[in-house]
Amino acid sequence: MQALDLLLQSFLSENKSMDEMCFLLQHVEPWLHSDKSHERKRAAQTTFLLLQYTVDYVTLTEEATPSLLGHQLGLLALLWQDKDPVTRSHSRQSIYLLLQLLIQQKGSTEQFILLNKMKNFEAKARRQSEKKCYNVVKALNRSLTVAQHTQLVLTLVERLGSRSQPQCDLASQLLLLLLEERRVKREQVAEILQGLFQELSSVMFKGVLQTMMKVVTVLGTQYTQETVEVILSLGHPSERQVLLLWKALAGNPKLARRVLTLLYMKLKVRPTGKLLRLSQPAELISLLALGTIYELLYTREYKATVRWAFAGLLVGLLTQLRYLFELGVVDGISDYEEDVLEVQPLSPCRTCLEALKGLFWTTNYWEVFAHLKLLRGWELFEHLETYTEGVTLLARAMAHYDCEVKAVLGQAVISLKSSEERDNIVAILIITEFLNSQELTQYVSRRTVDSFLSLGLNHPNQLVRAMSLKGLSSTLMHPKKVVLLRGQLAGLLDRFGKPDPKDLMGLMEILGDILHRLGTQGVGAASLKMAQHLLPLFEDEQAPVRGGAISLFGDVVHSGGRKYRPELKPFAFQALVPLLLHLADPCPDVATHTKLTFLRCAILLKWEFRKELFGKLAWGHGLGAENDIFIYTAWDCWAGWGLRLSQVAEAGEPRAPLSPAPPGGEQLGQLSPVPHAGPALPRQPPRKPEADGHEVHRYVPAHSPPPPPCCPPAPPYRPLLGLPHCGPRSWTPGGSPGGGGGAGPISHALTSRPCQAGLPRAPEAPVHPPPSLSAPGGLLHDYFTDLCFSLKKGDLNVLRKHVEVLRQDPDSMSRRFYHSVLEDISELSQFVTH
């Protein structure tokens, strides 16, 4: 070793320059990061002796700043926590000597004094490693050039994937200190981020990864635009390593907002078709920003930021989709399948549409998403011909549910003043529909609305001119129209009272248009009369009439405003049973309208499981979904009309009509329970049905209280959409008294209720108290009993069809139920007269 030291010293004496010294040290590097301790010890000692000789005996003649010096400083710094104390000491002293040589070259007296203080501190306080480390880092940042500093940082980055945890921890801590203490130069950002990205996949320790994310946050804080551009160029945002970098930028809320703002600005970089090479659309910066926004919508760290930027993102995505239509990049937009679990890359248009849908879902404006989903409104955005209709429907739903109306209106006004025609089209469509929002007058005056609508009257685009004129003719701009429309509404409602009203479809279409035009003013008490007239039309023989009535009823229950909302709730209660049956309507269009109206009734009644109900209505299939919908309905209706049905059934009195009470009378939601109604249900959600969809009968509350003393023990459950099989009977059609035949709940319904709806009175049977209503079974029994007295022959065919499905069901209890209830259905068909 002594011979090697003498040899190196002789080489340096021949060429007294910094470049020569770095060249000699370069040959020692392989042993500085060797896995063997004695090799690292010898290399550190050789480096120290050479540097000590240079400081003491050599005067460097040429001033040079080789970038390689930063790399060598990094290797020496990584030995600060070596197991061997001699190696640690030589590495620290070598760094001080290198810094001394750099300071001597610059001739800085202040830095030389600082270096001497550091040496004295090193001798007196070796145990205070953090303060010592910070001082060294501070000296390095002041002494190194940009190129040397970059090499030092990259050397530390390369060791982040090491298998030695102490070395990884040291490298990450030094890296963070280097970047926090000194603001890096703009030209360093790309190289540092690319180095971090390459090492991400090999990092083995969680603490090291967290420190790396802090480093990215520091870089993003210092140079947000450069950081965003580099990360965009690294790969698709759905890749795990790239997504980690985006998440790191959300560590600071202010930084996250700047990042999303930059992505929004890049989304607006839309070159015209003449400047665009359609053969390589992926190179568009707006498409990279679009894909990133789509991924960040579903990233938890950006949830609050997305909500903050909702209005800008919405207008930007709508405009981007139209831009892609104009470019003709529409391949794959209609080929998307929601039920396919296989991950497939989305086309630009499909990505934009899914981002638009995800914006509402992830910000908890799920009612708007559900409104368009159940109306198949999202499909309108798949074609340029129906794009305008889709934007109108979306804006109408947003106005209806008061979804960020103020913020989106502000963004739309900005877009209306843009020089781009596509921006003007999207803006005027949104503004025109927002004029019917009940909250708009709180945000903007009529004069302000008139001023920016007037901007579109001279627009070269015909659609913008037409929509501007439509907005200027709205009831908000002309309040006198409200009186005229309400008068016309009263005359149209009188036509419903005639025995055979003509042209029901045209009548309902006009009523729907009036409801829409009276948006901000509402229809007032007329909504109650309209709802009353529409309910009988649910059972009309013509499918278009049924569908139109159901769809219009959904608009009516929300047209009365806050004042009449409580009075509309009984009508919503009354409509639940028919709507529940029409979910299986043979006409697909009627079933589609039924789903939306059913959900709107649930929203009006403030059901607890509204979002879960929408999931089943939108994506559920088969008996499993039907069971879930029925359970949600029964559970949430418990406080309303469930208790009333049980009271009527037990008292043996004629069935009370489910119509709203007269003014001053008792309403359904206000009826007090009778003593035998049992204790109230505990506030817990219904359990999830099994995967086969036929196990709802297993549900019993976890802590069901015992029945009151006046009630006998509840009978065992039997399955029919979770319905109970109640009480012993002396008369059992389809089976012997008390024998094994076992009549089902249909026969029991006939024996426990008086004659109604064309059914002859069945032989009298002893009236037994119902089971305890501490479980949903009691409610479901009375609910099913009510259905039996409303059945028609067509309904029996539907019931028989669904029961036949249980014949081949893999569940044994379902098959047993099929055999026990089949004869009861035949018996019931003899009593239905129409």
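Everything numeric here is computed off the predicted structure, so don't read it as measured data.

Quick notes on the overall build of the chain
When its secondary structure is counted, the chain shows 39 helices and 0 strands. Taking contacts inside the chain between residues at least 6 apart in sequence as the whole, the part at least 24 apart equals 71%. Surface summary for the chain: the accessible area is close to 38600 Å², and the carbon and sulfur share equals 53%.

Points about the environment of Gln2
Of note, Gln2 is situated in helix 1 (residues 2–14). Taking the C-alpha atoms as reference points, Gln2 and Thr46, separated by 44 residues in sequence, lie 8.9 Å from one another.

Some thoughts on a nonpolar patch on the surface
Together, Leu4, Leu7 and Phe11 make up a nonpolar patch on the protein surface, roughly 240 Å² of accessible area in all. Structurally, the position occupied by Leu4 is in helix 1.

Some remarks on the nonpolar core
In terms of nonpolar packing, the biggest core is built from 222 residues, with Leu196, Trp246, Phe360 and Phe381 touching the most fellow members. Top element by residues in this core is helix 18 (residues 310–327). It accounts for 12 residues. Excluding residues that lie within four positions of it along the chain, Phe381 makes contacts with Leu318, Leu321, Phe325, Ile333, Leu353, Leu356, Leu372, Tyr387, Gly390, Val391 and Leu394. Core analysis: the next-biggest nonpolar cluster, separate from the first, contains 12 residues, Phe817, Tyr818, Val821 and Val832 among them.

Concerning unusual backbone geometry
The backbone of Asn364 sits at a positive phi, close to 70°, despite the residue not being glycine. Within the secondary structure layout, Asn364 lies in the loop between helix 19 (348–362) and helix 20 (366–374). For Asn364, a relative accessible area of 47% gives the class partly exposed.

Some thoughts on helix 21 (residues 384–400)
Counted at 1.5 Å a residue, the expected span for helix 21 with its 17 residues is 24 Å, and the 25 Å between its end C-alpha atoms agrees. Of the residues making up helix 21, those classed as buried are Tyr387, Gly390, Val391, Thr392, Leu393, Leu394, Ala395, Ala397, Met398 and Ala399. Elements in contact with the buried residues of helix 21: helix 18, helix 19, helix 20, helix 22 (405–416) and helix 23 (421–434). Backbone geometry just after helix 21 places Asp402 at a positive phi near 50°.

So, the packing of aromatic side chains
Under the defined criterion, the tally for this structure stands at 16 aromatic pairs. Ring geometry for Phe538 versus Phe553: centroids 5.5 Å apart, planes at 85°, classification edge-to-face. With a gap of 15 residues between them, Phe538 in the loop between helix 29 (526–534) and helix 30 (543–556) and Phe553 in helix 30 connect regions that are remote in the sequence. For the pair Phe538 and Phe553, one class covers both residues: buried. Put simply, the rings of Phe310, Phe325, Phe360, Trp361, Tyr365, Trp366, Phe369, Trp378, Phe381, Tyr387, Phe614 and Trp619 pair up and form one aromatic cluster. Across the ring face of Trp361, the terminal group of Lys611 is positioned such that the distance to the ring centre comes to 4.7 Å.

Remarks on the packing of helix 30 against helix 32 (residues 588–604)
Put simply, helix 30 and helix 32 touch, their axes get as near as 8 Å, and they point 20° apart. Between helix 30 and helix 32, the interaxial angle falls into the category roughly parallel. At the point where helix 30 passes helix 32, the crossing takes the left-handed sense. Counted together, Ala543, Arg546, Gly547, Ile550, Ser551, Phe553, Gly554 and Asp555 of helix 30 and Val590, His593, Thr594, Thr597, Arg600 and Cys601 of helix 32 form the full contact between these two elements.

Structural notes on helix 38 (residues 793–805)
Compared with an ideal rise of 1.5 Å per residue, which puts 13 residues at 18 Å, helix 38 spans 19 Å between its outermost C-alpha atoms and is within 8% of the ideal. Looking only at helix 38, the buried set comprises Leu796, Leu799 and Val803. The arc that holds every buried residue of helix 38, seen down its axis, measures 60°, which confines them to one face.

Details of the packing of helix 18 against helix 23
Contact pair helix 18 / helix 23: the axes reach a minimum separation of 9 Å and the direction vectors enclose 130°. Between helix 18 and helix 23, the crossing angle belongs to the class labelled oblique. In this structure, helix 18 crosses over helix 23, and the sense of that crossing is right-handed. Contacts from Val315, Leu318, Thr319, Arg322, Tyr323 and Glu326 of helix 18 reach helix 23 at Arg422, Asp423, Ile425, Val426 and Ile430. The class makeup of the residues in the contact of helix 18 with helix 23 is 6 nonpolar, 1 polar and 4 charged.

Considerations on the pattern of salt bridges
Enumeration over the complete set of coordinates arrives at 17 salt bridges. A salt bridge links Glu229 to Lys266, with the shortest nitrogen-to-oxygen separation between them at 3.3 Å. Taken together, the residues span a long stretch of sequence, with Glu229 in helix 13 (residues 224–234) and Lys266 in helix 15 (residues 253–267) at a distance of 37 residues. Residue class for Glu229 comes out partly exposed when judged on its relative accessible area of 34%. Look at the salt bridges and you will find they share partners, linking Arg322, Glu326, Glu420 and Arg422 into a network.

Comments concerning the environment of Leu359
Here Leu359 shows up in helix 19. In this structure, Leu359 is in contact with Leu297, Val306, Phe310, Leu313, Leu314 and Leu317, ignoring residues within four places of it in sequence.

Describing the side chain of Ser474
Residue position: Ser474 is located in the loop between helix 26 (462–472) and helix 27 (480–496). At 2.8 Å, the side chain of Ser474 forms a polar contact with the backbone oxygen of Gly471.

Some details on the confidence of the model for the chain
Put simply, the chain has an average pLDDT of 75, and 74% of its residues get 70 or more. Segment residues 121–128: pLDDT under 50, and 7 contacts once partners within four positions in sequence are set aside and those in other chains are kept. Contacts from residues 641–783, a stretch scored under 50 in pLDDT, to residues over four places away or in other chains number 246 contacts.

Regarding the environment of Ala248
Summarising the element assignment, Ala248 is placed in helix 14 (residues 240–248). Using a relative accessible area of 6% as the deciding quantity, one classes Ala248 as buried. Measuring from C-alpha to C-alpha, the distance between Ala248 and Lys214 comes to 6.9 Å, with 34 residues separating the pair along the chain.

Thresholds applied
Residues numbered from 1 in each chain as written. Predicted model: local features only at pLDDT ≥ 70, side-chain atom pairs only at ≥ 80, totals over all residues. Heavy atoms only, no water. Helix = DSSP H or I, 4+ residues; strand = E, 2+ residues; numbered from the N terminus. Contact = heavy atoms within 4.5 Å. Areas by Shrake-Rupley, 256 points an atom, 1.4 Å probe, with all protein chains shown as cover. Patch = residues over 30% accessible without salt bridge, like charges linked within 9 Å, V, L, I, M, F, W, Y side chains within 5 Å. Salt bridge = Lys/Arg side-chain N within 4 Å of Asp/Glu carboxyl O. Core = buried A, V, L, I, M, F, W, Y, C linked by side-chain atoms within 4.5 Å. Buried < 20%, exposed > 50% of the residue type's maximum accessible area, 1.4 Å probe, protein only. Expected span 1.5 Å × (residues − 1). Phe/Tyr/Trp six-rings, centres within 6.5 Å; stacked < 30°, edge-to-face > 60°. Lys NZ or Arg CZ within 6 Å of the ring centre and 35° of its normal. Axes fitted to C-alpha atoms, helices over the stretch in contact; angles between N-to-C directions. Parallel < 35°, antiparallel > 145°, perpendicular 65-115°, else oblique. Left-handed = near helix turned anticlockwise from the far one by under 90°. Arc of directions from axis to C-beta. Nonpolar A, V, L, I, M, F, W, Y, C, P; charged D, E, K, R; others polar. Polar contact = N/O pair within 3.5 Å; in protein donor to acceptor, adjacent residues only side chain to side chain. pLDDT = per-residue confidence, 0-100.

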